[in-house]
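Results of the structural survey
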Amino acid sequence: RSSDLDNKLQTTGNKMEEIKPVSNIKPIPTLASVQTAEAKSDCTSESVQQATLAALQSDVQPVGHDYVEEIRNDEGKVIRFHCKLCECSFNDPNAKEMHLKGRRHRLQYKKKVNPELQVEVKPSIRARKIQEEKMRKLTQIGR
């Protein structure tokens, strides 16, 4: 009985499957092209404002480099970053850059360092739902 099982588990050869190129893959639209398309299809001032806001967010300048300290190991290699304003740590230099552009860090910077800094006001959940409902009604009317 065990020899029958062994025979079933063995492979019948080293046959490689042929890999065929896939030709029906469609490119995924980028965020910028989607925002542009949305701005063109919905010519309301609200959707244009949203597209502008999204574009501005990507251009946010990092602030408060001086408040992020580099933590080094015994050999002197940077192993972690620590933000003194927000009391948080991250391992990756990209995470550090994203943090310096992020809303929480910018709010802390505004509160503790520079009250003049412009920080995007995040709408409340209720305000966001009302806005989404308006947009849904506008798109239904346009159809």
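Quick note: structure is the one above.
Residues numbered from 1 in each chain as written. Predicted model: local features only at pLDDT ≥ 70, side-chain atom pairs only at ≥ 80, totals over all residues. Heavy atoms only, no water.

**Some remarks on the packing of aromatic side chains**
Let me state the cut-off plainly: Aromatic pairing here means that ring centres of Phe, Tyr or Trp (its six-membered ring) are within 6.5 Å. Orientation follows from the plane angle: under 30 degrees is stacked, over 60 is edge-to-face, and everything else is tilted. Each helix is a run of DSSP H or I of at least 4 residues and each strand a run of E of at least 2, with the numbering of both proceeding from the N terminus. A simple rule labels every residue: compare its accessible area, found with a 1.4 Å probe on the protein chains alone, to the largest value its type can have, and call it buried under 20%, exposed over 50%, or partly exposed in between.
Under the definition given, this model contains 2 aromatic pairs. Residues tyrosine 67 and tyrosine 109 carry aromatic rings whose centres are separated by 6.3 Å and whose planes lie at 80° to one another, so their mutual orientation is edge-to-face. Of this pair, tyrosine 67 sits in the loop between helix 3 (45-58) and strand 1 (68-72) while tyrosine 109 sits in helix 5 (residues 103-112), and the two are 42 residues apart along the sequence. Classification of tyrosine 67 as partly exposed rests on a relative accessible area of 29%. The class for tyrosine 109 is buried, based on a relative accessible area of 15%.

**Section: unusual backbone geometry**
With a phi close to 55°, glutamate 87 is a non-glycine residue in the positive phi region. By the secondary structure assignment, glutamate 87 is in the loop between strand 2 (78-83) and strand 3 (88-90).

**A few points about the packing of helix 4 (residues 93-101) against helix 5**
Put simply, the test is: With axes taken as lines fitted to C-alpha atoms, and helix axes fitted only over the stretch in contact, angles between N-to-C directions fall between 0 and 180 degrees. The scheme is simple: roughly parallel for angles under 35 degrees, roughly antiparallel for over 145, roughly perpendicular for 65 to 115, oblique for anything else. Should any heavy atoms of two residues lie within 4.5 Å, those residues are considered in contact. All amino acids are sorted into three groups, where Ala, Val, Leu, Ile, Met, Phe, Trp, Tyr, Cys and Pro are nonpolar, Asp, Glu, Lys and Arg are charged, and the leftover types, Gly among them, are polar.
Helix 5 packs onto helix 4 with a crossing angle of 55° between their chain directions and a minimal axis gap of 5 Å. Judged by the angle between their axes, helix 4 and helix 5 are oblique. Listed contacts from helix 5 to His99, Leu100 and Lys101 of helix 4 are Arg103, Arg104, His105 and Arg106. Residues belonging to the contact of helix 4 with helix 5 are distributed by class as follows: 1 nonpolar, 2 polar and 4 charged.

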